Amino acid sequence: MDIDTLRQTHPDHWTKACAIRVLAMDAVQAANSGHPGMPMGMADVATVLFEKHLKFDAAAPDWADRDRFILSAGHGSMLLYALLHLTGYADMTLDQLRNFRQLGSITAGHPEYGHAKGIETTTGPLGQGLANAVGFAMAEEALRAEFGPKVVDHRTWVIAGDGCLMEGISHEAIGLAGMQKLSRLIVLWDNNDISIDGRVSLSDTTDQRARFAAAGWHVIACNGHDPADIDRALSAAKVADRPVLVDCKTTIGYGSPNKADTAGAHGSPLGDDEIARVREIYGWAHGPFEIPDDVRAAWAAIGRRGAAEHAAWQTRLDALSGRKRAEFTRRMAGEAPGKLTSALRALKKQVSETAPKVATRKSSEMALEVINAVLPETIGGSADLTGSNNTRTEGLGIFNPDNRAGRYVHYGIREHGMAAAMNGMALHGGVRPYGGTFLCFTDYARGAMRLSALMGLPVTYVMTHDSIGLGEDGPTHQPVEHLAMLRASPNINVFRPADTVETAEAWECALTAPRTPSVLALSRQGLPTLRTEHKIKNLTAQGAYVLAEAEGKRQAIVMATGSEVAIAMTARDLLQAEGIGTRVVSMPCWELFEDQPESYRRRVLPAGPVRVAVEAALRFGWDRWLYGERGRREKSGFVGMHGFGGSAPADALYRAFGITPEAVAEKVRSLL
């Protein structure tokens, strides 16, 4: 629809949509950077969505039963910021729009979760928001099955661009959503045929409608500049029995005389002269950041539209039994129940007394059997490695279209999609997701894992087969650099427990960390129980601790994680037999150890003794503990991997790569 026709046939809609467009143009121009074209192109769709379809109350942005709106095409962030400002979100002031992309503002270049109310997730890395939305929709289904539609009954709306659909994660996300028949998920595709390099056809000829249909989605098309046609499409989307793609045909930079429908409108300011011309074409006789009172009032009314529905929902929530209402409130607040700690303590006591020799992936399953019984909010899963990751416990049931009360998800071979969906679940609230794959395949999940950390989401990654100890599958599956990569990432707690006791403690840490994702790096091979004396205190929460003290004069400290702690203990026996007093320090979580007071770290790693670290991974990162923290470079050594692994039984590989008690003892002797 051309602009003159749109202005004449839908004048009220036109002025509201223009408010979005001019705010986007002005903010990008003031910042001298940004993406004006996408907000200009999708303003009509967004206006119809917020005015007629989105369930929200701007005065109560945390309303649990609000619809979720996700801007997967995060480069068009000014679309979202303009909508939040115009509809009356208190923190999204006009000054924040003027300070778009500036230090200290809440209007970052790409939307960042936690910066402002109404930003449901951090987007910008394309495709992530779309994949998060699958998790949002899954969480809504699960909670509706448990608490009923009177309390949980909302949709997840997504605006995605051509780039989102080109990213590989989109294939994983749409396949999972289609299989799960997530009918409350509606994706609005900004089909403008432009990417940064130019026409999409330069790099892609995919028939997106056919692609989504093949994945089990319902597909609708509309003119993205015709409000009546948009309304028709969105109304139809809400009654579908499966996820919906709405193909919104739009023009990027709509109304710009020289840059519309070109890459020139995509990622740079339009320029003062072009903006002046656009204002003339729009009939917008107002200066930068000026919104006339009548338009502002119309948008404010849209922001209040959901207040009555919110009040009715609150009445229904209050009518629940006290127990059920308290449980819903606890779940949405993300608070762990008090019985979690006591249940895990009982498991620790039992394990210390019986001292089983099991792989820590099995230890994790033992912990989950306890956890899943006392935390009804857990939703587990695996990327097609359930039997290897040991992530499914008895009685969970399978989450699928026939059983929304199920608490276990078969994600298929979709590590990236799984991680992003778990982010969406955590963001939605009310559930605690965990999911498993091999540690080596964090490579596939890395993009979403980084966003878990950036957003501070309590997602738990169960990463098994954590070293050459997995054996015959060989170096393609044996992680050597992955621990270093994960430890280098800010705000991720990386746990590599040595036995079942440490594994249970690591799970407790993961489930009680409100703003930090956790990785549990777990062994395939059986490991002995080393913590045979029961302690109520969670020692893993300290990050590192003295597992075995030196007998006689302390001459050496051997530090280790995971499966190599047992090797360190045997090396200690060899050294003690020679009169070399050796302390063993287990270091299940470096990040938590770094957070301890310096006085505690000094007690664990005092100056004086030689230090040897042993880990079946690369050395990278260990020097912090070897000759930092009062150590000395010339009196420290490392026993571990220096390259990729090999294909052989685990015991043979440990011998071949020199990760043995004898090698550790010899390294200590060489430093004395």
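Just so it is clear, the model here is predicted, and its values are computed rather than measured.

Novice: Got a minute to help me understand the side chain of Lys16 in this structure?
Specialist: The residue Lys16 is located in helix α2 (residues 11–31) in this model. Among the residues examined, Lys16 registers a relative accessible area of 7% and is labelled buried. Beyond its immediate stretch of four places on either side in the chain, Lys16 contacts Thr47, Glu51, Val295, Ala298, Trp299 and Ile302.

Novice: Just to check I follow, could you spell out unusual backbone geometry for this structure?
Specialist: In terms of backbone geometry, most residues other than glycine have negative phi values and most peptide bonds are trans. With a phi angle near 50°, Lys181 is a residue other than glycine that sits in the positive phi range. Tracing the backbone shows Lys181 in the loop between α8 (168–180) and β3 (185–191). Even without a glycine there, the phi angle at Arg630 is positive, about 75°. Following the sequence through the fold, Arg630 ends up in the loop between α25 (623–626) and β18 (636–640).

Novice: Any chance you could explain the environment of Val614 here in plain terms?
Specialist: Mapping Val614 onto the fold places it in strand β17 (residues 610–615). Given the relative accessible area of 0%, Val614 is considered buried. For the pair formed by Val614 and Phe438, sequence separation is 176 residues and the distance between their alpha carbons is 21 Å. For Val614, the residues in contact, after removing those within four places along its chain, are Val558, Met559, Ala560, Thr561, Glu564, Ala568, Val639, Ile659 and Val664.

Novice: What is the right way to look at the packing of aromatic side chains in this model?
Specialist: Two descriptors summarise a pair of aromatic rings, namely the distance from one centre to the other and the angle between the planes of the rings. Per the counting criterion, the structure on display carries 16 aromatic pairs. Arranged with centres 5.3 Å apart and planes meeting at 85°, the rings of Trp14 and Tyr282 form a pair that is edge-to-face. One end of the pair, Trp14, is in helix α2; the other, Tyr282, is in helix α11 (residues 272–282), and 268 residues separate them in sequence. Trp14 gets classed as buried once you look at its relative accessible area, which sits at 4%. With relative accessibility at 1%, the residue Tyr282 sits in the buried group. Ring plane angle 85° and centroid distance 5.3 Å describe the contact between Phe50 and Phe69, whose orientation is recorded as edge-to-face. Of this pair, Phe50 sits in helix α3 (residues 37–53) while Phe69 sits in strand β1 (residues 68–71), and the two are 19 residues apart along the sequence.

Novice: Please explain helix α15 (residues 339–354) as it appears in this structure.
Specialist: With 16 residues, α15 extends 23 Å between its outermost C-alpha atoms, agreeing within 8% with the 22 Å of an ideal straight helix rising 1.5 Å per residue. Those residues of α15 not exposed but buried are Leu340, Ala343, Leu344, Leu347, Lys348, Val351 and Ser352. Of the surrounding secondary structure, the elements contacted by the buried residues of α15 are α16 (360–374) and α21 (500–512). Where α15 ends, the next residue or the one after it, Ala355, has phi of about 50°, a positive value.

Novice: Just checking my understanding: could you explain helix α10 (residues 227–237) for this structure?
Specialist: Side chains three or four residues apart in an α-helix point the same way, a direct result of the helix having 3.6 residues per turn. Buried residues of α10: Pro227, Asp229, Ile230, Ala233, Leu234 and Ala237, and no others. Down the axis of α10, the buried set is contained in an arc of 160°. They therefore lie on one face. Regarding α10, its N-cap is Asp226, as a side-chain oxygen of that residue lies 3.1 Å from the backbone nitrogen of Ala228 further along.

Novice: Mind showing me how you'd approach the sheet that holds strand β12 (residues 493–495) here?
Specialist: Each strand in a sheet pairs with another by means of backbone hydrogen bonds, the pair being arranged parallel or else antiparallel. On the basis of which strands lie adjacent, the open sheet formed by six strands has the order β9-β8-β10-β11-β13-β12 and parallel pairing. In this open sheet, the two edge strands, each paired with only one partner strand, are β9 (408–410) and β12. Strand-to-strand twist of the sheet, defined as the mean angle between neighbouring strand axes without regard to direction, takes the value 20°.

Novice: Please clarify how the sheet that holds β3 should be interpreted in this entry.
Specialist: Judged by pairing direction, the sheet is parallel, and its five strands sit side by side in the order β1-β2-β3-β7-β6 without closing on themselves. Strands at the two margins of the open sheet, each flanked by one partner only, are β1 and β6 (218–223). Taken pair by pair, the neighbouring strands of this sheet meet at an average axis angle of 20°, ignoring direction. α3 rests against β1, β2 (156–161), β3 and β7 (244–249) of the sheet, and its axis sits at about 150° to β3. The strands touched by α10 are β2, β3, β6 and β7; relative to β6, the strand with the most contacts, the crossing angle is about 165°.

Novice: Help me understand the confidence of the model for the protein chain, please; the structure alone is not making it clear to me.
Specialist: Parts of the prediction with low pLDDT should not have their coordinates interpreted in detail. Here the protein chain averages 98 in pLDDT, while 100% of its residues score no lower than 70. Per-element confidence in the protein chain ranges from a low mean pLDDT of 95 for helix α1 (residues 3–9) to a high of 99 for β3.

Novice: Before we go on, may I ask you to explain the nonpolar core in this structure?
Specialist: Nonpolar side chains in soluble globular proteins tend to end up buried together. The biggest cluster of nonpolar side chains holds 74 residues, and the ones touching the most others in it are Leu188, Val246 and Tyr282. Examining the composition of this core, we find that twelve residues originate from one element, α2, more than from any other. In terms of nonpolar packing, the next biggest core, distinct from the first, is built from 69 residues, Trp63, Ala133, Phe136 and Ala617 among them.

What counts as what
Residues numbered from 1 in each chain as written. Predicted model: local features only at pLDDT ≥ 70, side-chain atom pairs only at ≥ 80, totals over all residues. Heavy atoms only, no water. Helix = DSSP H or I, 4+ residues; strand = E, 2+ residues; numbered from the N terminus. Buried < 20%, exposed > 50% of the residue type's maximum accessible area, 1.4 Å probe, protein only. Contact = heavy atoms within 4.5 Å. Phe/Tyr/Trp six-rings, centres within 6.5 Å; stacked < 30°, edge-to-face > 60°. Expected span 1.5 Å × (residues − 1). Arc of directions from axis to C-beta. Polar contact = N/O pair within 3.5 Å; in protein donor to acceptor, adjacent residues only side chain to side chain. Pairing = 2+ DSSP bridges. Axes fitted to C-alpha atoms, helices over the stretch in contact; angles between N-to-C directions. pLDDT = per-residue confidence, 0-100. Core = buried A, V, L, I, M, F, W, Y, C linked by side-chain atoms within 4.5 Å.

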